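Below are the chains, spelled out letter by letter.
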Amino acid sequence: MRILIALMTLFALPAHALELNGAFKQGGLVIGQTVHGARVTLDDEAVDVAANGAFVIGFGRDAKAQAVLKVMEPGGKVDERTLTIAKQTYKIQRIDGLPARKVAPKPEDVARIKADNSKIWGVRGSLSTDARFLSGFQWPVTGPISGVFGSQRILNGKPKSPHNGVDVAAPTGSIIAAPADGVVALVASDMFYTGKTVMIDHGLGLTTVYAHMDSIAVVEGQVLAQGDAIGTVGKTGRVTGPHLHWGMTWKSVHLDPMLATGAMPK
């Protein structure tokens, strides 16, 4: 909601202005606004800009302490800013009792996992030009937070990759609502790790993913408004109980959804 409130000021900018709103932290999402036709780079990498001058950037789990944002306006003016990125502290989470095949997949599972990953990264590599993220973000489901972004998971005693999202514990069948405007980019009925899975494209490389669902209520290409139902909470894939895994990614950079929404509503 903090981002949503801040966005209300983005379109009242003077002819030469740069507005940035969001979390300047590791895992943080920042939404920017500049003039029509401007070019933007972050650490010399091009950033996609919508026709209205809106853009989005993000900082990964282990982002460096500083990043350089440069905005080049059509008239030649250049606005260069050094952004300070706050360091986060991450938790270590141990989960035991998982089926061995889910922790250390057998050779026959590897091809399936690679195919799943190919579908996911295919979506993340396809950029829509609509800045649908300007709706702001809200929680897709409410409940106790059972897994946080960036935590190091140790599964059956084996260290795994850091957790790239937020887990929300909720009863099977709980409605999952679209947290922001977007377009359904992927519907998968049975991924090896994530079970029933949906991905939403919010524009300019910003996507969200919903995993372990019990049922899916959308189809690929469907346009969503914030609050639309996309399915229900379940326990498909690699899980120990019903919950929603909610992930957020800007291009190939995993972000912390909690920094985009604020605290879980009581």
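Residues numbered from 1 in each chain as written. Predicted model: local features only at pLDDT ≥ 70, side-chain atom pairs only at ≥ 80, totals over all residues. Heavy atoms only, no water.

(A) Layout of the sheet that holds strand 4 (residues 45-47). The strand order across the open sheet built from four strands is 4-3-6-7, with neighbouring strands paired in antiparallel fashion. Here the strands that pair on one side only, and so sit at the sheet edges, are strand 4 and strand 7 (78-84). With direction set aside, neighbouring strand axes in the sheet form an average angle of 25°. (Pairing = 2+ DSSP bridges. Helix = DSSP H or I, 4+ residues; strand = E, 2+ residues; numbered from the N terminus. Axes fitted to C-alpha atoms, helices over the stretch in contact; angles between N-to-C directions.)

(B) Molecular detail of the sheet that holds strand 10 (residues 152-155). Here we have three strands laid out as an open sheet, ordered 8-10-11, and mixed in their pairing. Only two strands of the sheet have a single neighbouring strand rather than two, namely strand 8 (92-95) and strand 11 (158-162). Taking the axes of each pair of neighbouring strands and ignoring which way they run, one obtains an average angle of 25° across the sheet. Bridging between strand 10 and strand 11 involves three bridges; their strand directions are antiparallel. Following the sheet pairing, Leu 155 is matched in strand 11 by Lys 158.

(C) Expanded view of the environment of Trp 250. In this structure, Trp 250 sits in strand 19 (residues 243-250). Spatially, the C-alpha atoms of Trp 250 and Thr 208 are 8.9 Å apart, while their sequence positions differ by 42 residues. In this structure Trp 250 touches Leu 42, Val 47, Val 56, Ile 57, Gly 58, Leu 204, Gly 205, Leu 206 and Leu 255, once residues within four positions along its chain are discounted. Within the structure, Trp 250 has its side chain in polar contact with the backbone oxygen of Val 56 (distance 3.3 Å). (Contact = heavy atoms within 4.5 Å. Polar contact = N/O pair within 3.5 Å; in protein donor to acceptor, adjacent residues only side chain to side chain.)

(D) Spotlight on the pairing of strand 3 (residues 39-42). The sheet contact formed by strand 3 and strand 6 (residues 66-72) spans four bridges and is antiparallel. Across the sheet, residue Arg 39 finds its bridge partner in strand 6, namely Met 72. Counting the residues that bridge the hairpin from strand 3 to strand 4 gives two residues, and of these Asp 43 lies at a positive phi of roughly 50°.

(E) Region of interest: the packing of aromatic side chains. Within the structure shown, the criterion is met by four aromatic pairs. Seen in terms of ring centroids, Phe 192 and Tyr 193 are 5.0 Å apart; in terms of plane orientation they differ by 80°. Their pairing is edge-to-face. We classify Tyr 193 as partly exposed; its relative accessible area is 26%. Residue placement shows Arg 61 over the ring face of Tyr 90; its charged tip is 4.3 Å from the ring centre. (Phe/Tyr/Trp six-rings, centres within 6.5 Å; stacked < 30°, edge-to-face > 60°. Buried < 20%, exposed > 50% of the residue type's maximum accessible area, 1.4 Å probe, protein only. Lys NZ or Arg CZ within 6 Å of the ring centre and 35° of its normal.)

(F) Representation of the side chain of Asp 256. You can see Asp 256 is positioned in the loop between strand 20 (253-255) and helix 4 (257-261). Comment: no salt bridge for buried Asp 256; closest opposite-charge side chain is Lys 25, at 8.3 Å. Those residues within four positions of Asp 256 in sequence are excluded, and the remaining contacts are Gly 27, Phe 149 and Val 166. (Lys, Arg positive; Asp, Glu negative; His and termini not counted. Salt bridge = Lys/Arg side-chain N within 4 Å of Asp/Glu carboxyl O.)

(G) Focus on helix 3 (residues 107-124). When the terminal C-alpha atoms of helix 3 are compared, their 26 Å separation across 18 residues agrees well with the 26 Å that a helix rising 1.5 Å per residue should span. Within the sequence span of helix 3, burial applies to Asp 109, Ile 113, Asp 116, Ile 120, Val 123 and Arg 124. Considered in projection along helix 3, the buried side chains sweep an arc of 105° and stay on one side of the axis. What points out from helix 3, more than 90 degrees from its buried face, is the exposed set Pro 107, Glu 108, Ala 111, Lys 114 and Ser 118. (Expected span 1.5 Å × (residues − 1). Arc of directions from axis to C-beta.)

(H) Representation of the pattern of salt bridges within the structure. Taken as a whole and assessed by the stated rule, the structure comprises six salt bridges. Here Asp 62 ties to Arg 61 by a salt bridge, and the two come within 3.1 Å at their closest N and O atoms. Taking relative accessible area as the criterion, Asp 62 reaches 58% and is therefore assigned exposed. We note a salt bridge from Arg 81 to Asp 79, for which the minimum N-O separation is 3.3 Å. Note on Arg 81: relative accessible area 30%, which makes it partly exposed. Exposure remark for Asp 79: the relative accessible area of 19% places this residue in the buried category.

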